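# Geometric and topological summary
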There are 2 protein chains.
Amino acid sequence: NPFGEFSADGREFYVTHVHLPRPWVNVLANPHFGLVVSHTGSGFTFVENSQLSVLTRWQQDLADDTSGKFLYLFIPATGELCSLSPAPTWAPLDSYRCIHRLGSTTFLGKKGNVAWSWTLLAHPRETAELWLVELENLGPSPQELELTAFLEWNCGVAPSPRREFSKLFLETQFLPDSGLVLAKNHMWDVGSRRFGHWNTSYPFVAAFGADRPPAHAQGDKALFFGPGGSLRHPLALQDAQWEPAFGRHWDPVAALRYPVALAPYEKATLVFVLAAGKSRKEAVETWQRLANPEEVQKALEETHRFWDELLGRHSINTPDDSLNAVLNWWSRYQAIAGRLWARCGYYQQSGAFGFRDQLQDAQVFLPLEPQRTREQILLHAAHQFADGSAYHWWHPLTEEGLPSRYSDDYLWLAFVTANYLKETGDFSILEQEVPFLDAEAKTLTDHIERAFALAFSRFSPRGLPLIGCGDWNDGLSACGLQGRGESVWLAHFLVLLTQEWSRIFRELGEHEKASSFQEKRNQLIAAINQHAWDGEWFWRASLDDGSLIGSHHNSEGRIFLNAQSWAILAESTSRERQEKCWRAVKEHLFSPIGALLLTPAYTQPNPAIGYITRYAPGVRENGGVYTHASTWALAAACKMRDHEAVAYLLRTLNPALKDPRRSWAEPYVLPGNVDGPPSPLLGRAGWSWYTGSAAWFHRVVSEWVLGVRPTWDGLQVDPCLPSSWSKVQVLRQFRGAPLSITMHRQPGVARTQVLLEGKPLEDNLVPPEVEGPLSLEVLLPEEEIQT
Amino acid sequence: NPFGEFSADGREFYVTHVHLPRPWVNVLANPHFGLVVSHTGSGFTFVENSQLSVLTRWQQDLADDTSGKFLYLFIPATGELCSLSPAPTWAPLDSYRCIHRLGSTTFLGKKGNVAWSWTLLAHPRETAELWLVELENLGPSPQELELTAFLEWNCGVAPSPRREFSKLFLETQFLPDSGLVLAKNHMWDVGSRRFGHWNTSYPFVAAFGADRPPAHAQGDKALFFGPGGSLRHPLALQDAQWEPAFGRHWDPVAALRYPVALAPYEKATLVFVLAAGKSRKEAVETWQRLANPEEVQKALEETHRFWDELLGRHSINTPDDSLNAVLNWWSRYQAIAGRLWARCGYYQQSGAFGFRDQLQDAQVFLPLEPQRTREQILLHAAHQFADGSAYHWWHPLTEEGLPSRYSDDYLWLAFVTANYLKETGDFSILEQEVPFLDAEAKTLTDHIERAFALAFSRFSPRGLPLIGCGDWNDGLSACGLQGRGESVWLAHFLVLLTQEWSRIFRELGEHEKASSFQEKRNQLIAAINQHAWDGEWFWRASLDDGSLIGSHHNSEGRIFLNAQSWAILAESTSRERQEKCWRAVKEHLFSPIGALLLTPAYTQPNPAIGYITRYAPGVRENGGVYTHASTWALAAACKMRDHEAVAYLLRTLNPALKDPRRSWAEPYVLPGNVDGPPSPLLGRAGWSWYTGSAAWFHRVVSEWVLGVRPTWDGLQVDPCLPSSWSKVQVLRQFRGAPLSITMHRQPGVARTQVLLEGKPLEDNLVPPEVEGPLSLEVLLPEEEIQT
């Protein structure tokens, strides 16, 4: 990688170049607080909700990443100015390194005889961002430095581009004794049923300060910049005195200036805390508690320990080091910190829980801490209506949500619950009572049965599910607006779900429901195969006027990946047709940059299909690699036992293997999409961090490629490795038992054999009642016949 | 003025300083197209709607005004870089002047031996922005220059801060032969009932180019900036070759580079056109038609002629030159270009028609071109519902609107129509049929009667009108949410309206309606005087719980201006109480910076009152000078014949008399508000341009201070001048007759006398059937007794 590299253990990524094609960021979060920081030092901080409750201003501009919270370093003697991160001064440094790691980001730099380290993190338990700053005089002469911290207050909904209005409601205060700046907002731009619009106060107070009072403080942006100054070069840095302007009448920022005198070879440490509290008292107390080097060091260690310990519960060792780094550390960190906690990246400040999104993401916890998956399931169930439908998304903090007209949202509850049951065997969750948004509490089973009942009520006359205003693919937003368009992907999904829930009802002794679900499944399979088969593959959807998309009749959008991969995953068609589907996928959708979501991309808007056709061709869902769906294709490749395709998909999915000059995005996390043809930027990756593929990539590799997969009958071991892999190790627990699994190729073995203490396991299945710790040896055939 | 000055004729303002406290802008518009440009060169361009249909990107940041469309000047020989306006390079220039004038803005500059002039305007009739650029070599050596034009495409709703998403739908194209860049947007972020969200194309195509092809073109922002480059210093300017990146996959900008070789003392002229069309063909043809110096020069002259001619129809000459400049040129230009056509300023991109706002603004046309007022009245009537209510605002282009729950919106139709009738005598407007939003066309009278009927149905048991979610003062947004709070201002307003419409019905021979309106008026007056009198003034509103605001019982919001000034304007109380009201206004609300809207300002949010209490104290409606209401106070001062107060209000309202180091805002247009106590920035003016006070200031000065006022019986001449004014001239037309009115003080005259050809006019009234041209002489007493 020309711009950086992983540390040997994979937990750190060292960015060594300042001028990257696009910002490479880190999401530092705990479940209630977080920040995003790019390799330039730009970014933002939020509490509880990264859209509705953003503490500091940030402008999304990925071509000119100069917006955020910064530290200026000014040397009065020489007039030299730089910053501890490249932004905002962009002054050339003598050395630069940005270390993104799980839970922290550090900027290392050197300018002349001054070296520094600036580490940022979210406290693991507090609603506080911590900075640890170390400055070192490398030379034999004393140095008089001035360090100035700067941020702009937002304290509410972001983005907030109508600043002239929104700033009229902000209030800041400077406490000279402690050196703390406080900020609050008298107008939180969210709805209030009782008091009307613009008539609610932002419920948090923010506090920002160091472990010592600054020599000077400024609260107004224009005064800090000075006439003709700018963020890049604030003139106030050269002024001997500042006239502090805090209160309610300014363009509110916090600029705090600290003189730092360093004797020859001396080091100095400063600590900054940006805290949020429900009250001024809470915010100040959090700052007080944390604003010292020991506390910050402790928090840093606790954070690193937390991630090591959590993710260490399930680890793999493949022959591909970069894949190990991505899977053992980054992709699950991405899913947890980025998707479940922060719910944002640099491409999107969401803050909301997507009904289907964070449910799927929550599967990341299944092998680690399934209690957290359980909590997420119950949280989503509580955002369902009594008619079985759900919010498409809702915002924590305000509980505002968008009632969903999507055809699949509410069904993911059934999907993830089934997976939770297979991992844990904890059927008690089904009896857990959860309220509806509009009705009193019922059991989770009741919730899920209502979801199914609603889904079953939304079928076309010929027995295929209606697509409504979209299914998993949001962009198919108009196919079924008039109530006639159908979704073939959704049909496959329901085949899989009815199979799972038929089994669950069987486990529960509800045999009538079990067979009714089997019957539903059979009807669906019949309808799919009778109506949705296009000759060589399944079409994707029908429109309200009866025309098809994803059919060989279409010149654009001729074949869609999910309509094939899910036929295989759900086994909703014959093996022969599965093979045809798979051949079609490989022939039409496998491209040099990965498996495309559809092809050819739409080049002209088609309002009858939806906004997917409006994206640039090859971008996002419109014919690019949509990573989320590609992970499902990887599972399908394993089901088809297509080792070559497995190798290909692993290679194209692994962000660390992309050339960043072409892919632009971070090598350590998954991008949401990669440009497909006809984009002139073929292979460019976008929407990094905020993608459901992060959790899925790890899950599919673990369960399908390595094949260590919880089933109703136990933990299946059914690997489908790339042919070039000769040895793999897996550590995970199952039902509380730690397992150590070693797989290797063994000459003369015809099919995979799993040995427990040297003895073959029946059906390669670790029984659910296992007690550990156990060591399994998996013998793999030297070559497997390709289907 | 330390930062600039008016031209002798007042039509131009010369900004001579680059670093002003805040941007001083010009709004250049025709009824369908416009741009805003600040003295730094920053700004944006739109077509039809300055919120929903903005062509170029702009970030609202008044502390760092570096966002817009620019011209870079690069001298390859020396590597020197500057820009024709201060932004975006902020390179020091050897000379600088920005000339804002009605219909155009010009930047004059000089750097070394190169001088330039850059003029921007909106074509007076076409949807096109024109630039006229002249470069001159002042020296004896040849100069090789490179001029680069730059803008970012928006092509849709603004602001659009989620650029990573919105840019996925934009498409640009470069036509090398013509040198034109085309831009369109496949996703217009407005609702579509039929096709759902994000599923509509932006209905315009934009074209940008010069009168010649550029040597190089770039369509991607990151490529233009280069690694480590920025808007301030794009690295591409130093590259010999550009690899143009247009299409659908970039961060879309237009950068066009033109080499300009100047022989010693040579001048060169370049012309740029930014055009919008309903189709590509239309946009290209507009560019073709206009992209030459002659056309631009013609358009410039036509524009200047248009404003001279239009505004010249009504002019005044007072002893105060700056007031003449503001009133004869700028405030009406502000009302027409800024409020009625562009519907935006630098503080707000609105684009919508406010039901009450633009109706009031349209009064600016009454003495100029009343047909335009008539059209605006009928347009608003067409945005009324059959129940009498109306949209609070609606968006031209999409016709999206917000059904109003405000208690006054729909009544302004009655108000402005009455004023239209008094000016024109054109009662035919009342018979004009206009559709409702939800019902078929009825006459304008029918519309207005429904509005009254609705207003009359919304009264409290004691006979005062309910305030609902607010009245003229939007910020009183929660007083009456539960249907009990009352508005005293609205009561006064209804007293005035019932009086006017009683008279109109009388004119129409509808005597029953006339007396029923009189009766309503009497009941209102009785209720107001019985219930709303606070002892020394009228309280402003009651809340749902029955408590009062604007009462001497309140510690904050103790007295409100409108509850007093409208008692005088509507004559809804005895002369004695009017005098008490006026005394209270002067005692409590007259401050060194003008007449406050209320006092003391609210310092703590009170959700039961509304969001007015959330603004910083002294800012906007919360106890600052709200200019709109101050103009009404000026009318009231005239009614009270309080010459001293008239002088005071004129002085504090006149933006040209403010010290800009304290007021910050433009000296040539009215600000929406001025900071009152306890703001530490007492006297700071904000929300310039986008304020309803612009039209009102001119109207009140003409009709009340100069006293030349259309009434039901003719044109009243009833001046109430500041005592220091000894002579005033007025040119205006009345019912088609040009009038020249000269007023001067005459010793021995006891009361104002109006002479027509030397003979006194009865009641100082020019009869409606007058034929012109006429010269009137107005004799004023040397001193008038103050009330």
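Because the structure is predicted, anything quoted here is derived from the model rather than measured.

### Quick word on the overall build of chain A
Each helix and strand in chain A was counted, giving 17 helices and 42 strands. In terms of overall dimensions, chain A is globule-like: its C-alpha atoms have a radius of gyration of 27 Å, near the 28 Å expected for 787 residues. By principal-axis analysis of the C-alpha atoms, chain A measures approximately 80 × 65 × 50 Å. Looking at the 787 residues of chain A, the share that counts as buried comes to 68%. Of the roughly 25,400 Å² of accessible surface on chain A, a fraction of 49% belongs to carbon and sulfur atoms. Both charge centroids of chain A, one from 70 positive and one from 88 negative side chains, sit 2 Å from each other.

### Some words on the relation of the copies chain B and chain A
Overlaying chain B with chain A gives an RMSD of 0.0 Å, the required rotation being 180° about an axis along which the chain moves by 0.0 Å. Taken together, these values place the two copies in the relation of a two-fold axis. Minimal C-alpha distance to the rotation axis in chain B is attained by Pro161 of chain B, lying at 3.3 Å. With an isologous cut-off of 70% or more, the 98% of interface residues of chain B that recur at the interface of chain A puts this contact in the isologous class.

### So, the packing of aromatic side chains
All names here are of chain B. Applying the stated rule across the entire model yields 126 aromatic pairs over all chains. With a centroid separation of 4.7 Å and an interplanar angle of 80°, the aromatic rings of Trp307 and Tyr333 are classed as edge-to-face. Residue Trp307 is located in helix H4 (residues 293–312), and its partner Tyr333 is located in helix H5 (residues 321–342); the two are separated by 26 residues in the primary sequence. Judged by relative accessible area, which is 1%, Tyr333 ranks as buried. Between Trp330 and Tyr668, the ring centres sit 4.8 Å apart and the planes meet at 55°, which makes this aromatic pair tilted.

### Section: the interface of chain B and chain A
Accessible area lost on assembly of the parts is the figure often given for the size of an interface. With 65 residues of chain B in contact, the opposing surface of chain A contributes 64 residues. Roughly 5,800 Å² is buried in total at the junction of chain B and chain A, and carbon and sulfur atoms are behind 55% of that figure. Interface area lost by chain B to chain A is led by Glu164, His249 and Arg614 of chain B, which between them contribute 13%. Linking chain B to chain A there are two salt bridges. Here Lys221 of chain B and Asp61 of chain A are joined by a salt bridge, their closest N and O atoms 2.6 Å apart. The tally of links from chain B across to chain A stands at 31 residue pairs in polar contact (both at pLDDT 80 or more). For the side of chain B that touches chain A, the secondary-structure elements that each account for two or more residues are helix H1 (163–166) and helix H2 (221–225) of chain B. Taken together, the residues of the side of chain B that touches chain A sort by class into 30 nonpolar, 19 polar and 16 charged.

### Observations concerning the sheet that holds strand S9 (residues 95–101) of chain B
Note on sheets: strands pair through backbone hydrogen bonds, and any given pair is parallel or antiparallel. Residues and elements named next belong to chain B. Ordered by their spatial adjacency, 10 strands build an open sheet running S1-S2-S9-S10-S11-S12-S19-S16-S15-S14, and the pairing between neighbours is antiparallel. The open sheet is flanked by strand S1 (4–6) and strand S14 (170–175), the only strands paired with a single partner. Taking each pair of neighbouring strands and ignoring which way they run, the sheet shows an average axis angle of 15°. The pairing of strand S12 (residues 128–137) with strand S19 (residues 267–277) spans nine bridges and is antiparallel. The residue bridging Glu136 from the neighbouring strand is Lys267, located in S19. Against the sheet, H4 touches S9, strand S10 (104–111), strand S11 (114–122), S12 and S19, its axis set at about 60° to S11.

### As for the pairing of strand S5 (residues 43–47) of chain A
Residues and elements named next belong to chain A. Of all five residues in S5, five are buried, a share of seventy percent or more. Where burial is concerned, the two faces of S5 agree: the one with Gly43, Thr45 and Val47 and the one with Phe44 and Phe46 are both buried. Strand direction decides the pairing type here: strand S4 (residues 33–38) and S5, joined by five bridges, are antiparallel. By the bridge assignment, Leu35 is partnered in S5 with Thr45.

What counts, and at which threshold
- Residues numbered from 1 in each chain as written.
- Chains lettered and ligands numbered in written order.
- Predicted model: local features only at pLDDT ≥ 70, side-chain atom pairs only at ≥ 80, totals over all residues.
- Heavy atoms only, no water.
- Helix = DSSP H or I, 4+ residues; strand = E, 2+ residues; numbered from the N terminus.
- Rg over C-alpha atoms; globule rule 2.2 N^0.38 Å.
- Buried < 20%, exposed > 50% of the residue type's maximum accessible area, 1.4 Å probe, protein only.
- Areas by Shrake-Rupley, 256 points an atom, 1.4 Å probe, with all protein chains shown as cover.
- Lys, Arg positive; Asp, Glu negative; His and termini not counted.
- Charge placed at Lys NZ, Arg CZ, Asp CG, Glu CD.
- Least-squares fit on C-alpha atoms with pLDDT ≥ 70 in both.
- Contact = heavy atoms within 4.5 Å.
- Phe/Tyr/Trp six-rings, centres within 6.5 Å; stacked < 30°, edge-to-face > 60°.
- Buried area = accessible area lost by both parts, 1.4 Å probe.
- Salt bridge = Lys/Arg side-chain N within 4 Å of Asp/Glu carboxyl O.
- Polar contact = N/O pair within 3.5 Å; in protein donor to acceptor, adjacent residues only side chain to side chain.
- Nonpolar A, V, L, I, M, F, W, Y, C, P; charged D, E, K, R; others polar.
- Pairing = 2+ DSSP bridges.
- Axes fitted to C-alpha atoms, helices over the stretch in contact; angles between N-to-C directions.

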